[in-house]
Amino acid sequence: MPETTQQEAGRGLWYGFAAYGMWGLFPLFWPLLEPGAADDILANRMVWSLVAVTLLLIVQRHWGWIRPLLRQPRRLAMLGGAAAVISVNWGVYIWGVNAGHVVETSLGYFINPLVTIAFGVLVLKERLRRAQWAAVGVGAAAVAVLTIGYGRLPWIALTLALSFATYGLLKKKVGLSGLESLAAESAFMFPFALGYLVYLEFTGRGTFGHTVAGEYGWGHTGLLVLSGVITAVPLLCFGAAAVRVPLSVLGLLQYLAPVFQFLIGIAVFHESMPPARWAGFALVWAALAVLTWDALRRVRADRAAARARTAAASAGPAGTVATGPADAPPAGPVPVRR
């Protein structure tokens, strides 16, 4: 690999770590916004996300995508649906963290790849390989075990997984970058969120700019504003990673966020983990291990097939390697394996 390409890949890996690391540390942030209720925090996050992403677009002078999008009502409708679904995801996640269910929120993002695969079969009519069927089956068994362990259906985890898988499906169909998508979705959410914040002010439930816990709440207000920034920054890092590292690497990095969330739930918030829950999580992790192994095997097979096609294309009619004129310069730099 050329040195510049290697440097870019290394930089992309750090961007990926930063993105998923920040997402994994979110459970430490939302409790700081108490005594604001989950609906208050969610509405502020929606409003300040639009402010943050607008500033980023101004800095980048990145506006050309807006006018063509406004002429496509189908894509706009899907973006509106994506905004609604991610609002549910954000709201349930904030409530779950602040209600002491951090471990269960991590479960939602652990099982999200399995739900996404199920969506591929049910919605996109994709065909699964045997390993993928096995992973989905083990994941379903894990949900059953966890239902017994919790004494109820793990609805927080399932809501997060289903909403995020639906969001991913809609984003796939819309085809916008992360920053563009967040800007459009925030624009959809903004009037409803702003109206709800006004309602909270009139009913005395709003906390923005108010006295909190007997002290003047400028620190609390600043954290509410910061919620928009911490929504936008990981997306920027993710976008920078996505153009520098293979999707197979991003697929592995995605597990960092729920791992961090799980560890925070156990080590920081000291949430209970009886044996049945450990068993359920162990089944989820086993399903993800099968899924990851299958994905890596498929990537290696695709790369081998691509090399074989390249070799076949460069061969002459008699099977010899075709060459150019003897004095032709090399087509490009020779890759150096390090």
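Use the structure listed above.
Read on for an overview of the structure. None of the values given here were measured: they were computed from a predicted structure. (Residues numbered from 1 in each chain as written. Predicted model: local features only at pLDDT ≥ 70, side-chain atom pairs only at ≥ 80, totals over all residues. Heavy atoms only, no water.)

### Observations concerning the overall build of the protein chain
Okay, step 1: Each helix and strand in the protein chain was counted, giving twelve helices and zero strands.
Okay, step 2: In the protein chain, the order of α-helices and β-strands from amino to carboxyl end is α-α-α-α-α-α-α-α-α-α-α-α.
Okay, step 3: Scored against the burial criterion, the 338 residues of the protein chain give a buried share of 39%.
Okay, step 4: Across the protein chain, contacts joining residues at least 24 apart in sequence account for 81% of those joining residues at least 6 apart. (Helix = DSSP H or I, 4+ residues; strand = E, 2+ residues; numbered from the N terminus. Buried < 20%, exposed > 50% of the residue type's maximum accessible area, 1.4 Å probe, protein only. Contact = heavy atoms within 4.5 Å.)

### Topic: the nonpolar core
Okay, step 1: In terms of nonpolar packing, the biggest core is built from 46 residues, with Trp30, Trp65, Trp90 and Tyr93 touching the most fellow members.
Okay, step 2: Every element with two or more residues in this core is listed here: α2 (38-60), α4 (73-98), α5 (102-122), α7 (155-174), α8 (178-202) and α9 (218-242).
Okay, step 3: It is α4 that provides the largest number of residues to this core, a total of eleven residues.
Okay, step 4: In contact with Trp90, not counting residues within four places along its chain, are Leu42, Arg45, Met46, Ser49, Leu182, Met189 and Thr231.
Okay, step 5: In this structure, Leu107, Leu146, Ala157 and Leu288 belong to the second largest nonpolar core, which totals 25 residues. (Core = buried A, V, L, I, M, F, W, Y, C linked by side-chain atoms within 4.5 Å.)

### Section: a nonpolar patch on the surface
Okay, step 1: Judged by side-chain polarity, Leu25, Leu28, Val268 and Phe269 come together as a nonpolar surface patch covering roughly 320 Å² of accessible area.
Okay, step 2: Looking at the element boundaries, Val268 is found in the loop between α11 (256-267) and α12 (275-314). (Patch = residues over 30% accessible without salt bridge, like charges linked within 9 Å, V, L, I, M, F, W, Y side chains within 5 Å. Areas by Shrake-Rupley, 256 points an atom, 1.4 Å probe, with all protein chains shown as cover. Salt bridge = Lys/Arg side-chain N within 4 Å of Asp/Glu carboxyl O.)

### A look at α7
Okay, step 1: Its 20 residues place the ends of α7 28 Å apart at the C-alpha level, agreeing with the 28 Å of an ideal helix rising 1.5 Å per residue.
Okay, step 2: Looking at the buried positions of α7, the neighbouring elements they touch are α4, α5 and α8.
Okay, step 3: Following α7 by one or two positions, Gly175 has its phi on the positive side, about 75°. (Expected span 1.5 Å × (residues − 1).)

### Regarding unusual backbone geometry
Okay, step 1: A cis amide bond links Glu34 to the next residue, Pro35, at an omega of 15°.
Okay, step 2: With respect to the helices, strands and loops of the structure, Pro35 is situated in the loop between α1 (3-24) and α2.
Okay, step 3: In this structure, Arg61 is a non-glycine residue whose phi angle is positive, near 50°.
Okay, step 4: As for its position among the elements, Arg61 is in the loop between α2 and α3 (66-70).
Okay, step 5: Residue His270 is not a glycine yet carries a positive backbone phi of 50°.
Okay, step 6: Turning to its location among the elements, His270 is positioned in the loop between α11 and α12.

### Observations concerning the packing of helix α6 (residues 130-150) against α12
Okay, step 1: Contact geometry of α6 with α12 gives a least axis separation of 8 Å together with a crossing angle of 165°. The angle between α6 and α12 falls in the class roughly antiparallel. Judged by the twist between their axes, the crossing of α6 over α12 is left-handed. Across from Ala131, Gln132, Ala135, Val138, Gly139, Ala141, Ala142, Val145, Leu146, Gly149 and Tyr150 in α6, the residues of α12 making contact are Ala276, Arg277, Ala279, Gly280, Phe281, Leu283, Val284, Ala287, Val290, Leu291, Trp293 and Asp294.
Okay, step 2: Tallied by class, residues from the contact of α6 with α12 come to 17 nonpolar, four polar and two charged. (Axes fitted to C-alpha atoms, helices over the stretch in contact; angles between N-to-C directions. Parallel < 35°, antiparallel > 145°, perpendicular 65-115°, else oblique. Left-handed = near helix turned anticlockwise from the far one by under 90°. Nonpolar A, V, L, I, M, F, W, Y, C, P; charged D, E, K, R; others polar.)

### Considering the side chain of Thr292
Okay, step 1: Looking at where Thr292 falls in the secondary structure, it is placed in helix α12.
Okay, step 2: With a relative accessible area of 18%, Thr292 lands in the buried category.
Okay, step 3: At a separation of 2.8 Å, a polar atom in the side chain of Thr292 contacts the main-chain carbonyl oxygen of Leu288. (Polar contact = N/O pair within 3.5 Å; in protein donor to acceptor, adjacent residues only side chain to side chain.)

### A word on the packing of aromatic side chains
Okay, step 1: In the structure shown here, the tally under the stated rule is 19 aromatic pairs.
Okay, step 2: Measuring from centroid to centroid gives 5.7 Å for Phe26 and Trp30, while their planes differ by 80°, and the two rings are edge-to-face.
Okay, step 3: The buried category is assigned to Trp30, whose relative accessible area is 0%.
Okay, step 4: The interplanar angle of 80° and the centroid separation of 5.8 Å between the aromatic rings of Tyr109 and Phe164 together place this pair among those described as edge-to-face. Remark: Phe164 occurs in helix α7 and Tyr109 occurs in helix α5; sequence separation between them is 55 residues.
Okay, step 5: Residue Tyr109 is classed as buried on the basis of its relative accessible area of 19%.
Okay, step 6: Grouped by ring-pair contacts, the aromatic residues Phe110, Phe262, Trp278, Phe281 and Trp285 constitute a single cluster.
Okay, step 7: Above the face of the Trp90 ring, Arg45 is positioned so that its terminal group lies 3.9 Å from the ring centre. (Phe/Tyr/Trp six-rings, centres within 6.5 Å; stacked < 30°, edge-to-face > 60°. Lys NZ or Arg CZ within 6 Å of the ring centre and 35° of its normal.)

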